[in-house]
Every structure is written in structure tokens, then in C-alpha cells.
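# Structural description and commentary
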Amino acid sequence: MAKEGLPRITLPDAGGLQVAVVSARWNAEICQRMHERAVDTGCAAGATVSEYHVVGALELPVVVQELSRSHDAVVAIGCVIRGGTPHFDYVCDSVTQGLTRIALDSGVPIGNGVLTVNTEDQAIERSGGEGSLEDKGAEAMIAALDTALVLSGIRARRG
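None of the values given here were measured: they were computed from a predicted structure. (Residues numbered from 1 in each chain as written. Predicted model: local features only at pLDDT ≥ 70, side-chain atom pairs only at ≥ 80, totals over all residues. Heavy atoms only, no water.)

### Observations concerning the environment of Glu-59
Stated precisely, the cut-off is as follows: Helix and strand assignments come from DSSP, with helices taken as H or I runs of at least 4 residues and strands as E runs of at least 2, each series counted from the N terminus. Counted as a polar contact is a pair of N or O atoms within 3.5 Å, where, for protein atoms, one must be capable of donating a hydrogen and the other of accepting one, and residues adjacent in sequence contribute only when both atoms are in side chains.
Looking at where Glu-59 falls in the secondary structure, it is placed in the loop between β2 (48-54) and α2 (60-68). In the structure, Glu-59 is positioned 20 residues away from Val-39 in sequence and 20 Å away in space, judged by C-alpha atoms. Within the local environment of Glu-59, its side chain forms a polar contact with the backbone nitrogen of Gly-56, the two atoms lying 2.7 Å apart.

### Topic: the side chain of His-35
With respect to the helices and strands, His-35 occurs in helix α1 (residues 28-44). Here Ser-23 takes part through its side chain, which lies 2.6 Å from a polar atom of the side chain of His-35.

### Quick notes on the side chain of Ser-68
Note the cut-off: Each residue's exposure class comes from its accessible area (1.4 Å probe, protein chains only) as a fraction of the maximum for that residue type: buried when under 20%, exposed when over 50%, partly exposed otherwise.
Here Ser-68 is to be found in helix α2. Residue classification places Ser-68 among the buried positions, given a relative accessible area of 8%. From its side chain, Ser-68 meets the backbone oxygen of Gln-65 in a polar contact 2.6 Å long.

### Regarding the sheet that holds β2
Adjacent strands of a sheet pair through backbone hydrogen bonds, lying either parallel or antiparallel. Threshold: When DSSP finds two or more bridges between two strands, those strands count as paired. Fitted lines through C-alpha atoms serve as axes, helices being fitted only where they are in contact, and the angles separating the N-to-C directions of these axes extend from 0 to 180 degrees. Between two residues, a contact is recorded if the distance between any of their heavy atoms is within 4.5 Å.
An order of β2-β1-β3-β4 is seen for the 4 strands of this open sheet, with the pairing classed as parallel. Two strands bound the open sheet, and with one partner strand each, they are β2 and β4 (110-117). Averaged over neighbouring strand pairs, the angle between their axes works out to 15° when direction is ignored. Where strand β3 (residues 73-81) meets β4, 8 bridges bridge the pair, whose relative direction is parallel. The residue bridging Gly-78 from the neighbouring strand is Val-114, located in β4. Where α1 meets the sheet, it contacts β1 (18-24), β2, β3 and β4, and its direction lies at approximately 160° from that of β3.

### Some words on the packing of α2 against helix α3 (residues 87-106)
Here is the rule we go by: Working definition: roughly parallel below 35 degrees, roughly antiparallel above 145 degrees, roughly perpendicular at 65 to 115 degrees, and oblique for all remaining angles. Whether a crossing is left-handed or right-handed is set by the direction in which the near helix is turned from the far one by less than a right angle, anticlockwise for left-handed and clockwise for right-handed. In this classification, the charged set is Asp, Glu, Lys and Arg, the nonpolar set is Ala, Val, Leu, Ile, Met, Phe, Trp, Tyr, Cys and Pro, and all remaining amino acids, among them Gly, are polar.
At a minimum axis separation of 9 Å, α2 and α3 run at an interaxial angle of 15°. As judged from the angle between their axes, α2 and α3 are roughly parallel. Here α2 and α3 pass one another in a crossing that is right-handed. Listed contacts from α3 to Pro-61, Val-64, Gln-65 and Ser-68 of α2 are Val-95, Gly-98, Leu-99, Arg-101, Ile-102 and Ser-106. Split into classes, the residues belonging to the contact of α2 with α3 amount to 5 nonpolar, 4 polar and 1 charged.

Encoded structure:
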């Protein structure tokens, strides 16, 4: 699993920040669990959280891009499970490149909570449910909020 090397993550004080969570409905049970964990984490950090849903992972970037215009951070949630065709590679690459481009072009942090896994069991282990080894929805939210706070500090020093 990807826990190796993970820094100690603490909940930031994100009071006053506006954050959106947009989640795919494909692999619904996994995505909904990660969506709820991201929302709960954002609220616990004091942020105002807006919630949105799209059909699948490929629809995430265009909605994330629109939300980046009105929010301090956006978290994208999805789950792509490898199948027997190259479609997995195309979807994962497109979504990752899209989310990265949006963050760089907009200057708004995008928390990438899109699981790219080989099996459903791996997705379950990473989705934050009971007995899960990881909580990628919460981790994506913390990363987005933390980055928004770092950027805010940098921008405040620039004056």
C-alpha cells in the first residue's frame, strides 16, 4: 500500500476557506464513502464545504475546473479499477493530467482523491471504511486545505 513515507497528517485550521468536493458515482459505494470522509474532514477543519457529483472519473476535471473559479480548494473523488483493456490507462492518465493542469493554471489546490487500483479489494482498503488501511478521501481533503493555507501565506507576504 501507499502508506509508506506518508508524513504525519494533522487537521489544519481551515476556518474561512471555501472548499468543494466533487465525486464520481462510478464504483458508487467506494466513491460515496470517500466523499463522506472528505466532507467530514473539511467540516472538522472549519471549512465551508460544497458537494457535487458526476457520473465518472472522466467528468471530474471539467467540473473541478469550474469549481476552482469560486473556491479556495477543490477535492476530486473517484475510483478507477483496472479491467482487461487499456481503457484504465487512458482514464487514469487523462484524469491525472487534467487535475494537475487545473491546479497549475488556476493556482487553486486540487486534492486528488481518485483511486487507481488493480482490484476492488485494494479500493476498499484505501477508501476509509471500517478496517481500511488508508483514508484517501480525508487525506485528499487535508492535502488540499493545507496547500490552500500555504498559498494564502505566500500570497499575503507578497502583499
